[in-house]
Amino acid sequence: MSATILVTGGSGYIGSHTIIELFNNGFDVVSIDNQSNSSVDAYDHIEQITGKRVVSYSADVCDIAQLRGLFSKHRIEGIIHFAAFKAVGESVEDPLKYYHNNIASLVSVLQLSEEFNVNKLIFSSSCSVYGNVTSLPVDENTALPKAESPYAYTKQIGEVMIENFCKVHPALQAVSLRYFNPVGAHKSGLNGESPINKPNNLVPVITATAIGKIPQLTIYGGEYPTRDGTCVRDYIHVSDVADAHVLALKYLIDGKNSVNYDVFNLGTGNGVSVLEAIHAFEKVSGQKLNYRIGPPREGDVVAVYSDSSKAGKLLGWTCKFDIDEMMRTAWLWERNVAERKK
Ligand SMILES: NC(=O)c1ccc[n+]([C@@H]2O[C@H](COP(=O)([O-])OP(=O)(O)OC[C@H]3O[C@@H](n4cnc5c(N)ncnc54)[C@H](O)[C@@H]3O)[C@@H](O)[C@H]2O)c1
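Summary of the structure given here. No experiment lies behind these values; they were computed from the predicted model shown.

**Considerations on the overall build of the protein**
Reasoning step 1: A count of helical and extended segments in the protein gives 11 helices and 13 strands.
Reasoning step 2: Compactness check: the protein gives a C-alpha radius of gyration of 19 Å against a globular reference of 20 Å for 342 residues, within 12% of the reference.
Reasoning step 3: Counting only C-alpha atoms and orienting by the principal axes, one finds that the protein spans roughly 55 × 45 × 40 Å.
Reasoning step 4: The buried share among the 342 residues of the protein stands at 55%.
Reasoning step 5: Taking contacts inside the protein between residues at least 6 apart in sequence as the whole, the part at least 24 apart equals 82%.
Reasoning step 6: A total accessible area of about 14500 Å² is found for the protein, and carbon and sulfur atoms account for 51% of it.

Here it is as structure tokens:
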């Protein structure tokens, strides 16, 4: 019998792509999402791609009573916890919103994992835990500095919470995956990022500008100490990130882990500047992008890219998509969304 995995935040960007990979690998999935930053349409996209319908609940993960109801109905064998708010700038302006949602949701998940004896957990962490690193590429042994934003701090706290909890519940096997910058869309162009809230990340803003939803793209800061003055990030295709979740889950299920809590970076290892990302988009789309360089944004780190060799070695994970494929699929998705609206 196939294992049922609970995906929190399953109609979101990375959650929906991960459900596709879970289905492709024979898992059953139950999703819970309150649609605070996504739409249930994602479940239709998943069905179009995989032919399978997700069992889904529209509910808040922080509401432990509702979540308990879900755990009582399904025999959950593992949890992938994506549900969180993720906009760095908004977290600076409204820190309590972030502390409440990102911490309370994890408390619910941990509490119910204990109550229902669910012993496999994958947590969405972020490269933002590394802040403004002094030495690149950054690997998992890098000491974590004071967080640059409340959002990043919720990820640092989340990791510590899981580590503390694992110490007193040694049956729980958990992994935190520190994603660098997930971008792009499913290779079919049938599923991609469609946030309810204003797009914040670079690639959705690039494609929204190219299609005419945003008149002009603003680059936050052009005088950073980088090769062209713009911030450097490690962009990684969302399906490669999704793939890593399935591998991490199998790693725990197969008992290949030697410790009951571990952390893995997920990045390609290639630092790409904002201007280089824009130029990659212009190359694959044949579109000239209207952009300007504006002031830097509070909470942004200057440059960060990953050493992900640990995930390669222990999980057997490799990236399949390069920056051109990331941009091609993101653009395909944006045009599909525009087509559907006609
Ligand atoms: N996208 C990135 O650049 C990135 C980078 C690093 C880490 N992450 C982390 O990965 C996870 C998923 O990110 P994403 O890009 O898919 O974001 P997303 O906003 O598309 O997905 C998150 C989903 O969680 C849901 N959600 C939020 N709070 C909830 C709650 N209390 N109860 C139920 N549902 C709730 C939202 O409606 C949304 O569908 C988040 O934890 C995020 O912090 C994302």
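**A word on helix α6 (residues 150-168)**
Reasoning step 1: When the terminal C-alpha atoms of α6 are compared, their 27 Å separation across 19 residues agrees well with the 27 Å that a helix rising 1.5 Å per residue should span.
Reasoning step 2: Taken residue by residue, α6 has Pro-150, Tyr-151, Ala-152, Thr-154, Lys-155, Gln-156, Gly-158, Glu-159, Met-161, Ile-162, Phe-165 and Cys-166 as its buried positions.
Reasoning step 3: Contact partners of the buried residues in α6: α4 (88-93), α5 (95-115), β5 (120-126), β6 (173-179) and β11 (261-266).

**Remarks on the packing of α5 against α6**
Reasoning step 1: Two elements in contact, α5 and α6, have axes whose closest approach is 9 Å; the angle formed by their N-to-C orientations is 20°. One way to sum up the angle between α5 and α6 is to call them roughly parallel. Here α5 and α6 pass one another in a crossing that is right-handed. Here Pro-95, Tyr-98, Tyr-99, Asn-102, Ile-103, Leu-106, Val-107, Leu-110, Ser-113 and Glu-114 of α5 lie close against α6, whose contacting residues are Pro-150, Tyr-151, Tyr-153, Thr-154, Ile-157, Gly-158, Met-161, Ile-162 and Phe-165.
Reasoning step 2: Of the residues in the contact of α5 with α6, the class split is 14 nonpolar, four polar and one charged.

**So, the site of the ligand**
Reasoning step 1: Neighbouring the ligand are 29 residues, the closest being Asp-33, Ser-38, Lys-86, Asn-101 and Tyr-151.
Reasoning step 2: Asp-33 has a polar side-chain atom sitting 2.6 Å from an oxygen atom of the ligand.
Reasoning step 3: Ser-36 has a polar backbone atom sitting 3.0 Å from an oxygen atom of the ligand.
Reasoning step 4: Considering every element that reaches the shell around the ligand, the biggest residue donor is β5, with three residues.
Reasoning step 5: For the shell around the ligand, the class distribution of residues is 12 nonpolar, 13 polar and four charged.

**Considering the pattern of salt bridges**
Reasoning step 1: What the rule picks out here adds up to 14 salt bridges.
Reasoning step 2: Arg-53 is paired through a salt bridge with Glu-47; the nearest N and O atoms lie 2.8 Å apart.
Reasoning step 3: According to the relative accessible area criterion, Arg-53 is partly exposed, its value standing at 43%.
Reasoning step 4: By relative accessible area, which is 32% here, Glu-47 ends up partly exposed.
Reasoning step 5: Members of the salt-bridge network, linked through shared partners, are Asp-44, Glu-47 and Arg-53.

**Side note on the pairing of strand β4 (residues 76-81)**
Reasoning step 1: By the criterion of burial, β4 is predominantly enclosed, with five of the six residues buried.
Reasoning step 2: Pairing geometry for strand β1 (residues 4-8) and β4, over five bridges, is parallel. Bridge pairing links Val-7 to Ile-80 in β4.
Reasoning step 3: Where β4 lies against β5, three bridges are found, and the strand directions are parallel. Note that in β5 the partner of Ile-79 across the bridge is Leu-121.

**Structural notes on the nonpolar core**
Reasoning step 1: With 60 residues, the main nonpolar core has Leu-22 and Leu-266 as its most contacted residues.
Reasoning step 2: Judged by nonpolar contacts, the second largest core, of 27 residues, contains Val-61, Leu-112, Phe-165 and Tyr-261.

Scoring rules and cut-offs
- Residues numbered from 1 in each chain as written.
- Predicted model: local features only at pLDDT ≥ 70, side-chain atom pairs only at ≥ 80, totals over all residues.
- Heavy atoms only, no water.
- Helix = DSSP H or I, 4+ residues; strand = E, 2+ residues; numbered from the N terminus.
- Rg over C-alpha atoms; globule rule 2.2 N^0.38 Å.
- Buried < 20%, exposed > 50% of the residue type's maximum accessible area, 1.4 Å probe, protein only.
- Contact = heavy atoms within 4.5 Å.
- Areas by Shrake-Rupley, 256 points an atom, 1.4 Å probe, with all protein chains shown as cover.
- Expected span 1.5 Å × (residues − 1).
- Axes fitted to C-alpha atoms, helices over the stretch in contact; angles between N-to-C directions.
- Parallel < 35°, antiparallel > 145°, perpendicular 65-115°, else oblique.
- Left-handed = near helix turned anticlockwise from the far one by under 90°.
- Nonpolar A, V, L, I, M, F, W, Y, C, P; charged D, E, K, R; others polar.
- Near = heavy atom within 4 Å.
- Polar contact = N/O pair within 3.5 Å; in protein donor to acceptor, adjacent residues only side chain to side chain.
- Salt bridge = Lys/Arg side-chain N within 4 Å of Asp/Glu carboxyl O.
- Pairing = 2+ DSSP bridges.
- Core = buried A, V, L, I, M, F, W, Y, C linked by side-chain atoms within 4.5 Å.

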